[in-house]
Amino acid sequence: MAAQLDDDDDGWAPRTIPRRLTKALSDALAVLPETAPLVPRRDDYADDFLGFRRAHLRRSGGPVVLRLPELAAWRANGRWRRRDFLEDPYLSDVAVRPSRAPYVPDPKPVETADGLPPAWTTLGAYVADEFRGDAPTLRAACEAFAETGDARKACAAALRAPPPRVVFQRLTAALAPGLLADVSPPPPHFAAPTGHRPRAFVQQKSHVADAPPFAVDADPGARPLLREDDDCTMKQFALAPALSGSPPHIHGAAWNYLAVGRKRWFLWEPRDSTVDAFAASLGGEEPLPFGTPVLKWFVAEYPRLAVRPYEVVQEAGDVVFVPAGWGHAVLNLEPSVAVAFELGFPSLNDDPNAPTHGYMVVDLPS
Ligand SMILES: O=C(O)CCC(=O)C(=O)O
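As the structure is a prediction and not an experimental result, all values here were calculated from the model.

Caption draft 1: Geometry of the overall build of the protein chain. Broken down by element type, the protein chain carries eleven helices and ten strands. For the protein chain, the share of sequence-separated contacts (at least 6 apart) that also reach a separation of at least 24 residues comes to 82%.

The structure is reproduced here in structure tokens:
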């Protein structure tokens, strides 16, 4: 029997899905297999920030989860965790381009809001329609979970609904001055090492170039998205409904701070992060293409991988550090508000026209 859907949410779950059901599903999906190597949680670095950077900004450092006490005083932390954050007027008119995963253009763009080009909408409209509205994916999953108690079957049922879309985009002064101010200056942990000169994020040009009246450059082909005065750190704002997320991909080192929600992370060492390595892990089968909704990847491909990823569940307030070249995927267990700081591309790929996200076959220095 399908679950009765009543309205007992706590302000962060989608309005029409009972909180106890989303919690039960989220808890079931948060169980990591016993065979998973775990990403370590380290609190002892909080007092030894330089030591942490030395150990982890080099390729040799592994991923790590940190809860940094000093982030409590950071402006983004104070504002984004508030219950009424999404209703704040400084957010509602921000132009956003929802997609089914970070870095993946959406083949079925959302309705165009007045004055915005196709595929773009306002954050206010996205939040109402997709983030806090009656999310069909989560509803289907909750109903299936109530019937079967089986998280995997619940996910398979959810896959029959359209995949939830995320907002995951660069914070620029032109697009989102208020949000940018919230993360500026960033805590020192999030800055790229001095002298770090990453490549421009060529692939993302299209995401801003077609966004008049917010276009940041008249000649999108010429201007790199990262400038030297960005401190070589790209800040990205992320709003992600439950059961959305990122399929496996790689890029430079990144910090991910979660203000609200819960995310399950999957990480692979650089040598296991190439297309060839994924195919080998699947017994020679072609991996699902980048852009496949992460829920589908989680149901169809993840259980069959011979090389088990490192895993962790990131709770609100946690920072996940992903070193350069580590493949990673994310499944949002609850609606999430986050910011990702990418520190750039320490010569992972020398071709400036090469795609910067997605599966990449790269020669990693040993
Ligand atoms: O939170 C997510 O969905 C993705 C985060 C991520 O993959 C990244 O920042 O590179």
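Okay, back to it.
Caption draft 2: Up close: the site of the ligand. The environment of the ligand is made up of Pro-102, Ala-238, Ala-240, Gly-245, Ser-246, Ala-254, Asn-256, Lys-263, His-328, Val-330, Ala-338 and Ala-340. If you list the elements that add at least two residues to the shell around the ligand, you get strand 5 (234-240), strand 6 (245-249), strand 7 (254-268) and strand 10 (327-342). For the shell around the ligand, the leading source of residues is strand 10, giving four residues. Residues of the shell around the ligand, tallied by class, amount to seven nonpolar, four polar and one charged.

Caption draft 3: Examining unusual backbone geometry more closely. The step from Ser-184 to Pro-185 runs through a cis peptide bond, and the omega angle for that step is -5°. Tracing the sequence through the fold places Pro-185 in the loop between helix 8 (177-182) and helix 9 (205-209). We note that Leu-243 has phi near 75°; this positive angle belongs to a residue other than glycine. Within the secondary structure layout, Leu-243 lies in the loop between strand 5 and strand 6. When the 31 C-beta atoms within 10 Å are taken as the criterion, Leu-243 is described as buried.

Caption draft 4: Helix 5 (residues 123-131), seen in detail. Among all positions in helix 5, only Leu-123, Tyr-126, Val-127, Glu-130 and Phe-131 are buried. One face of helix 5 carries all of its buried residues, which in axial projection span an arc of 110°. Buried residues in helix 5 make contact with helix 4 (89-92), strand 2 (95-96), strand 3 (121-122), strand 4 (167-170), strand 5 and strand 10.

Caption draft 5: Up close: the environment of Phe-290. Within the fold, Phe-290 resides in the loop between helix 10 (275-281) and helix 11 (294-300). Note on Phe-290: 19 C-beta atoms within 10 Å, which makes it partly exposed. A C-alpha to C-alpha distance of 9.1 Å links Phe-290 and Ser-246, two positions 44 residues apart in sequence.

Caption draft 6: Geometry of the packing of helix 1 (residues 19-29) against helix 6 (residues 136-148). Two numbers describe how helix 1 lies on helix 6: the axes approach to 9 Å, and their chain directions differ by 80°. In this view, helix 1 runs roughly perpendicular relative to helix 6, as classed from their interaxial angle. On helix 6, the residues that touch Leu-21, Thr-22, Ala-24 and Leu-25 of helix 1 are Leu-138, Ala-141, Cys-142, Phe-145 and Ala-146. Its residues assigned to classes, the contact of helix 1 with helix 6 shows eight nonpolar, one polar and no charged.

Caption draft 7: Quick peek at the nonpolar core. Counting 84 residues, the largest nonpolar core has Ala-141, Ala-154, Val-167, Ala-238 and Val-339 as the members making the most contacts within it. The element contributing the most residues to this core is strand 7, with ten residues. In this structure Ala-154 touches Leu-25, Ala-141, Ala-144, Phe-145 and Thr-148, once residues within four positions along its chain are discounted.

Caption draft 8: Representation of the confidence of the model for the protein chain in the model. Residues at a pLDDT of 70 or more form 71% of the protein chain, whose mean pLDDT is 76. Ranking the elements of the protein chain by mean pLDDT puts helix 9 last with 37 and strand 8 (residues 310-315) first with 97. Of the regions scoring below 50 in pLDDT, residues 198-230 engages in 47 contacts with residues more than four places distant in sequence or in other chains. Below pLDDT 50 for its whole length, residues 345-366 participates in 40 contacts with residues either more than four positions away or in separate chains.

Caption draft 9: Broad picture of helix 1. Burial in helix 1 covers these residues: Leu-21, Thr-22, Leu-25, Ser-26 and Leu-29. The buried side chains of helix 1 occupy one side of the element, clustering within an arc of 130° when seen end-on. In this fold, the buried residues of helix 1 make contact with helix 6, helix 7 (151-158), strand 7 and strand 10.

Caption draft 10: Up close: the environment of Glu-315. Tracing the backbone shows Glu-315 in strand 8. Residue classification places Glu-315 among the partly exposed positions, given that 16 C-beta atoms sit within 10 Å. Residues Glu-315 and Arg-262, 53 residues apart in the sequence, show an inter-C-alpha distance of 4.9 Å.

Caption draft 11: Molecular detail of the packing of helix 6 against helix 7. With their axes 7 Å apart at the nearest point, helix 6 and helix 7 run at an angle of 145° to one another. Relative to helix 7, helix 6 is oriented so that their crossing is right-handed. Of helix 7, the residues touching helix 6 (which contributes Thr-137, Ala-140, Ala-141, Ala-144, Phe-145 and Thr-148) are Ala-151, Lys-153, Ala-154, Cys-155, Ala-157 and Ala-158. By residue class, the composition of the contact of helix 6 with helix 7 is nine nonpolar, two polar and one charged.

Caption draft 12: Representation of the pairing of strand 5. Among the seven residues that make up strand 5, seven are buried, leaving the element largely enclosed by the rest of the structure. Side-chain alternation along strand 5 places Met-234, Gln-236, Ala-238 and Ala-240 on one buried face and Lys-235, Phe-237 and Leu-239 on a second face that is also buried. Of the pairings in the sheet, the one linking strand 4 to strand 5 comprises four bridges and is antiparallel in character. Looking at the pairing, Arg-170 lines up with Gln-236 of strand 5. Note that strand 5 and strand 10 share seven bridges and pair antiparallel. Counted as the bridge partner of Lys-235 is Phe-341 from strand 10.

Caption draft 13: Up close: the environment of Phe-190. Mapping Phe-190 onto the fold places it in the loop between helix 8 and helix 9. Among the residues examined, Phe-190 registers 24 C-beta atoms within 10 Å and is labelled buried. In this structure the C-alpha to C-alpha distance between Phe-190 and Arg-53, which are 137 residues apart in sequence, comes to 9.8 Å. Once you skip the residues sitting within four places of it in the chain, Phe-190 turns out to touch Thr-233, Trp-255 and Phe-341.

Cut-off values and rules
Residues numbered from 1 in each chain as written. Predicted model: local features only at pLDDT ≥ 70, side-chain atom pairs only at ≥ 80, totals over all residues. Helix = DSSP H or I, 4+ residues; strand = E, 2+ residues; numbered from the N terminus. Contact = placed C-beta atoms within 7 Å. Near = placed C-beta within 6 Å. Nonpolar A, V, L, I, M, F, W, Y, C, P; charged D, E, K, R; others polar. Buried ≥ 20, exposed ≤ 12 C-beta atoms within 10 Å, placed from the backbone. Arc of directions from axis to C-beta. Axes fitted to C-alpha atoms, helices over the stretch in contact; angles between N-to-C directions. Parallel < 35°, antiparallel > 145°, perpendicular 65-115°, else oblique. Core = buried A, V, L, I, M, F, W, Y, C linked by C-beta atoms within 7 Å. pLDDT = per-residue confidence, 0-100. Left-handed = near helix turned anticlockwise from the far one by under 90°. Pairing = 2+ DSSP bridges.

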